[in-house]
Amino acid sequence: MSFLLTVLLFLTLNFNVKNETDKDIDLVKSNTWFIAGPAKESQEIINSTRLKKGIIRVTAKDNPIGEIELNVAIIPSESNDGTPKKLSNDSKYLKVIYKSSHLIKIQAREGNEEGSGCVHGGSHPRVDLPASPDKFTTLKIPWKNFKQDGLADGKLLNIHNLCKFNFVNYNPVSGAFLAIKSVIVQI
């Protein structure tokens, strides 16, 4: 093999390895989002806006009854479920750029025992996104902050079995809103 071909192969392999291990994903840019509950926007509108303007927007209907749940799988999925992703040990946090009229809970859903989908029902590791109604706020949330039911002594999130995130407004009021510019996951 020629010296030039060897160098080119070495650089290509190193470049590809570096991209694979250092790559972050932005779930707003890359994945389909799903909505449940009394929101004005449908899944189609949310994803159309996401693709055209690069932002997720959800607004509570007038006199909403029940919680609003906006969710996205880590591995792209065309359903409200997905296969779990094993994040590397180098992954340290979730970064969210958002604006919200009310407190939002981020639930981190782990994969089911079969490894074929997400755990549904029950309680989950979660954190709070404080209200930020007037401006977009950036939060870097360490994985160690995701604890079962948000309790200080709750079981920690298993980042080696991460399936999806749910952004939940448990007590929406008329006109409550959430806008998300970015959800970055360190792979």
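Refer to the preceding data block for the structure.
All figures in this text were calculated on a predicted structure; none of them were measured in a lab.

Observations regarding the overall build of the chain
Thought 1: A tally of helices and strands in the chain yields three helices and eleven strands.
Thought 2: Secondary structure elements in the chain, listed N-terminal to C-terminal, are α-β-α-β-α-β-β-β-β-β-β-β-β-β.
Thought 3: When each of the 187 residues of the chain is scored for burial, the buried share is 44%.
Thought 4: Excluding contacts between residues fewer than 6 apart, the proportion of contacts in the chain whose partners are at least 24 apart in sequence is 73%.
Thought 5: Here the chain displays about 10300 Å² of accessible surface, and carbon together with sulfur accounts for 55% of that area.

Some thoughts on the sheet that holds strand E4 (residues 68-73)
Thought 1: The sheet built from six strands is open, its strands ordered E2-E4-E10-E6-E7-E9 with antiparallel pairing. In this open sheet, the two edge strands, each paired with only one partner strand, are strand E2 (33-36) and strand E9 (147-148).
Thought 2: Across six bridges, the pairing between E4 and strand E10 (residues 162-169) is antiparallel. Note on E10: the bridge partner recorded for Glu-69 is Val-168.
Thought 3: On the sheet, helix H3 (residues 43-53) packs against E2 and E4 and is oriented at approximately 145° with respect to E2.

Things to note about H3
Thought 1: Residues Ile-46, Asn-47 and Arg-50 constitute the buried set of H3. Angularly, the buried residues of H3 cover 90° about the axis, an arc narrow enough to put them on a single face. Away from the buried face of H3 by more than 90 degrees, exposed residues Glu-44, Lys-52 and Lys-53 are located.
Thought 2: Looking at the packing, one finds that the buried side of H3 touches helix H2 (27-30), E2, strand E3 (56-59) and E4.
Thought 3: Of the residues trailing H3, Gly-54 is marked for its positive phi of about 70°.

Focus: the state of the cysteines
Thought 1: Evaluated as defined, the whole model comprises one disulfide.
Thought 2: Residue pairing for Cys-118: its cysteine sulfur links by disulfide to Cys-163, the two sulfurs lying 2.0 Å apart. Taking the torsion about the S-S bond as the criterion, the Cys-118 to Cys-163 disulfide, at about -75°, is left-handed. Of this pair, Cys-118 sits in the loop between strand E6 (104-110) and strand E7 (125-129) while Cys-163 sits in strand E10, and the two are 45 residues apart along the sequence. Like Cys-118, the residue Cys-163 is buried in the burial classification.

Quick look at the side chain of Glu-69
Thought 1: Structurally, Glu-69 is set in strand E4.
Thought 2: The charged side chain of Glu-69 is buried without a salt bridge, its nearest counter-charge being Arg-109 at 4.3 Å.
Thought 3: Here the side chain of Glu-69 touches Asn-71 through a polar contact of 3.3 Å, side chain to side chain.
Thought 4: Filtering out sequence-adjacent residues up to four positions away, Glu-69 remains in contact with Phe-34, Ile-35, Ala-36, Arg-109, Asn-166, Phe-167 and Val-168.

Overview of the pattern of salt bridges
One side chain can pair with another of opposite charge once the charged atoms of both are near each other.
Thought 1: Tallied over the full model, the rule gives two salt bridges.
Thought 2: Between Asp-128 and Lys-105 there is a salt bridge; the shortest N-O distance is 2.6 Å. Linking Asp-128 in strand E7 with Lys-105 in strand E6, this pair joins segments that are 23 residues apart in sequence.

Overview of the packing of aromatic side chains
Thought 1: Under the definition given, this model contains four aromatic pairs.
Thought 2: Taking 5.7 Å as the distance between ring centres and 40° as the angle between the ring planes, the aromatic pair formed by Trp-33 and Phe-167 counts as tilted. Placement of the pair is Trp-33 in strand E2 and Phe-167 in strand E10, with a sequence separation of 134 residues. Residue Trp-33 shares its accessibility class with Phe-167, and that shared class is buried.
Thought 3: By way of ring pairs, the aromatic residues Trp-143, Phe-146 and Phe-165 are connected into one cluster.
Thought 4: Of note, Lys-181 hangs over the ring of Phe-136, and the distance from its end group to the ring centre comes to 4.3 Å.

About the thresholds
Residues numbered from 1 in each chain as written. Predicted model: local features only at pLDDT ≥ 70, side-chain atom pairs only at ≥ 80, totals over all residues. Heavy atoms only, no water. Helix = DSSP H or I, 4+ residues; strand = E, 2+ residues; numbered from the N terminus. Buried < 20%, exposed > 50% of the residue type's maximum accessible area, 1.4 Å probe, protein only. Contact = heavy atoms within 4.5 Å. Areas by Shrake-Rupley, 256 points an atom, 1.4 Å probe, with all protein chains shown as cover. Pairing = 2+ DSSP bridges. Axes fitted to C-alpha atoms, helices over the stretch in contact; angles between N-to-C directions. Arc of directions from axis to C-beta. Disulfide = S-S within 2.5 Å. Lys, Arg positive; Asp, Glu negative; His and termini not counted. Salt bridge = Lys/Arg side-chain N within 4 Å of Asp/Glu carboxyl O. Polar contact = N/O pair within 3.5 Å; in protein donor to acceptor, adjacent residues only side chain to side chain. Phe/Tyr/Trp six-rings, centres within 6.5 Å; stacked < 30°, edge-to-face > 60°. Lys NZ or Arg CZ within 6 Å of the ring centre and 35° of its normal.

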